[in-house]
Amino acid sequence: MSEQSIDLRETVRQRYAAAAVQVTEGGSACCGPEPVEVDENFGSTLYAADERGTLPAEAVAASLGCGNPTAVAELREGERVLDLGSGGGIDVLLSARRVGPTGRAYGLDMTEEMLALALANTAKAGARNVEFLKGTIEAIPLPANTIDVVISNCVINLSVDKPAVFAETFRVLRPGGRIGVSDVVADDTLTPEQRAERGDYVGCIAGALSFAEYRAGLQAAGFTGIEIVPTHPVADGLHSAIVRATKPASG
């Protein structure tokens, strides 16, 4: 990995570590912790009120995503689901409820502070079918062919090696498994330089792939049935999008 890539990853880690600390230690008012500062295109407001109401306040406050992947993935009872970049655990805890006691929800994050927050939120929620793993999304610490569904919420765009993320996601999915991801995607007409002008890397903008690049990356990893559907704009020419794809059942 290049020095620039290492620096970018560390910048991302520091930003999310600071967010976790803010939620854990920051002014807990009478109604619970203050949410991390985001605009209306990111954060807990993208979840239904009844979903937010079932979770610890700290999990909701630490939500920094651009969508609700647990809804787009259409999780089913008994499935094993993995959340890439699980943060404070909101999507893992929602997934655990959806897959039920016969299923299992894994969260993967590289940030110690977020993992600590997620574990505390899991204990508060009383979730038993949950496991958090420390690692990067470019080298997932799980065996091949063991996961039914991979979800992620505005995290893949932060990776400095997206082909590795797609390859690792494909590896851990069982044949016939699927992804249901929320991510930031750029119009095909925007150059990387133009994307960088619209926001910093940590803010989920500069590192975004275009629609065509995203599709090509998933295809190169072996995915089929690829759908990339924009849901709402997050900057000029950049969109929150739902990404779905499947690992072929055979071949």
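Residues numbered from 1 in each chain as written. Predicted model: local features only at pLDDT ≥ 70, side-chain atom pairs only at ≥ 80, totals over all residues. Heavy atoms only, no water.

Asks: So what's going on with the pattern of salt bridges? Which residues, and what values?
Replies: A full pass over the atoms with the stated rule returns seven salt bridges. As a salt-bridge pair, arginine 178 and glutamate 79 come within 2.9 Å of each other at their nearest N and O atoms. With arginine 178 in strand E7 (residues 173–186) and glutamate 79 in the loop between helix H4 (69–72) and strand E3 (80–84), this pair connects stretches of sequence that are 99 residues apart. Judged by its relative accessible area of 6%, glutamate 79 falls in the buried class. Connected via shared salt-bridge partners are Arg76, Glu79 and Arg178. (Salt bridge = Lys/Arg side-chain N within 4 Å of Asp/Glu carboxyl O. Helix = DSSP H or I, 4+ residues; strand = E, 2+ residues; numbered from the N terminus. Buried < 20%, exposed > 50% of the residue type's maximum accessible area, 1.4 Å probe, protein only.)

Asks: Now, about the packing of aromatic side chains: what can you tell me, with residues and values included?
Replies: Two numbers describe a pair of aromatic rings. These are the distance of the centres and the angle of the planes. Per the stated rule, a full pass over the model turns up two aromatic pairs. Taking the centre distance of 5.4 Å and the plane angle of 50° together, the rings of phenylalanine 166 and tyrosine 214 count as tilted. Residue phenylalanine 166 is located in helix H7 (residues 162–172), and its partner tyrosine 214 is located in helix H9 (residues 211–221); the two are separated by 48 residues in the primary sequence. Both rings, one in phenylalanine 170 and one in phenylalanine 223, keep their centres 5.2 Å apart while their planes meet at 90°; by these two values the pair is edge-to-face. In this pair, phenylalanine 170 sits in helix H7 while phenylalanine 223 sits in the loop between H9 and strand E9 (224–235), placing the two residues 53 residues apart along the sequence. Residue classification places phenylalanine 223 among the buried positions, given a relative accessible area of 4%. The ring of tyrosine 106 has arginine 104 sitting right over it, with the charged end atom 5.8 Å from the ring centre. The ring of phenylalanine 170 is capped by lysine 247, whose NZ or CZ atom sits 4.8 Å from the centre of that ring. (Phe/Tyr/Trp six-rings, centres within 6.5 Å; stacked < 30°, edge-to-face > 60°. Lys NZ or Arg CZ within 6 Å of the ring centre and 35° of its normal.)

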